[in-house]
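# Report on the structure
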Amino acid sequence: MPLSNQYPSLKDKVVFISGGATGIGAALVEAFCCQGARVAFVDVLTEDANQLVRRIGEMAGATAPHFFHCDVTRTQDLQNVLKIVGEQLGPVAALLNNAASDTRHDFRTIDEDYWNSRINVNLRHAFFAIQAVQPGMKAAGGGSIINFGSMSWYECQGNMTGYTTSKAALEGMTRGLARELGEDNIRINTLIPGWVMTERQLRDWVNEDTLQEIQRSQCLKGRLMPEDICAMALFLASDDSRMCTAQNFVVDAGWI
Ligand SMILES: NC(=O)c1ccc[n+]([C@@H]2O[C@H](COP(=O)([O-])OP(=O)(O)OC[C@H]3O[C@@H](n4cnc5c(N)ncnc54)[C@H](O)[C@@H]3O)[C@@H](O)[C@H]2O)c1
């Protein structure tokens, strides 16, 4: 589904997206490139990332994105990439903390190392990315940070406590940083997707039973697509949302 909105304030802006090679992240990379933004993204999936760069590079009217291979759980690597992006493209104007991993686990059996790995891949990197971009945003007179939350913990979804705990904490991080960042005109919000039909979700989780659950639970009966999340992300990154900060923005088709 092509998005109809154009945000002039996003043209030539530097946008950094973690986990941009596949899923919602890839749709975000494409959506911001189609706005004429200068997009940098990181991921561990090099082949998917290179394919995405090639595909967008061939699209008329889109600015080709820049891919950096980076495991976001390696904090120093992530901060180094953000430094290089700042030097090569300019200060990051919008930071999208999208990378995550929702692997299932039984809370009775996991050990401390595994727990830490879930927190690191779902929560810690967001904080250290924010820390790295803040000076550049401050010097530029402001910026927008979008943390990606999840409805899963509202719904008491089990078997993924490391993920759900991290996603709940990201909302706390948004609220906890909004006042200090606001002094430098830096906005920070949490974008909370419902159940989005990415290729991976369709492959791993969507079947007849879960489609019925979607029909029962969503007030709107259409399928939630990555583009629906992009539409909100573009708004939150643009100057049109200039007085929005410290909030949750839920795009879930009314999941009750
Ligand atoms: N798809 C949904 O239904 C849904 C629902 C609620 C919330 N969300 C949230 O939206 C965001 C995107 O969701 P998605 O479904 O596209 O996620 P996904 O898990 O399919 O993709 C996440 C991306 O992050 C990358 N990634 C994972 N670990 C990484 C690491 N250590 N370093 C660098 N990159 C890494 C992956 O390779 C992938 O490209 C996530 O934050 C997710 O929690 C998604």
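Here the structure is a predicted model, which means the values were calculated and not measured. (Residues numbered from 1 in each chain as written. Predicted model: local features only at pLDDT ≥ 70, side-chain atom pairs only at ≥ 80, totals over all residues. Heavy atoms only, no water.)

Right, let's get into the packing of aromatic side chains. Remark: the centre distance and the inter-plane angle together describe each pair of aromatic rings, the angle taken between the planes. Applying the stated rule across the entire model yields four aromatic pairs. Measuring from centroid to centroid gives 6.4 Å for Trp195 and Trp255, while their planes differ by 55 degrees, and the two rings are tilted. Taken together, the positions of Trp195 in the loop between β6 (186-193) and α6 (199-204) and Trp255 in the segment after β7 (248-251) put the pair 60 residues apart, joining distant regions of the chain. In this structure, Trp195 and Trp255 share a single accessibility class: buried. Positioned above the aromatic ring of Trp205 is the side chain of Arg104, whose terminal nitrogen or guanidinium carbon lies 4.1 Å from the ring centre. (Phe/Tyr/Trp six-rings, centres within 6.5 Å; stacked < 30°, edge-to-face > 60°. Helix = DSSP H or I, 4+ residues; strand = E, 2+ residues; numbered from the N terminus. Buried < 20%, exposed > 50% of the residue type's maximum accessible area, 1.4 Å probe, protein only. Lys NZ or Arg CZ within 6 Å of the ring centre and 35° of its normal.)

For the rest of this paragraph, the subject is the nonpolar core. Ranked by size, the top nonpolar core spans 37 residues in total, and within it Ile17, Leu28, Phe32, Leu96 and Leu191 carry the most contacts. At eight residues, helix α1 (residues 23-34) tops the list of elements feeding residues into this core. Contacts of Phe32, omitting those with residues within four sequence positions, involve Leu10, Val15, Ile17, Ala37, Val39, Leu96, Ala233, Leu234 and Ala237. If you look at the next biggest cluster of nonpolar residues, it comprises 31 residues, including Leu82, Ala126, Met173 and Ala178. (Core = buried A, V, L, I, M, F, W, Y, C linked by side-chain atoms within 4.5 Å. Contact = heavy atoms within 4.5 Å.)

Note that all results are geometric; they support no functional claim without further evidence.
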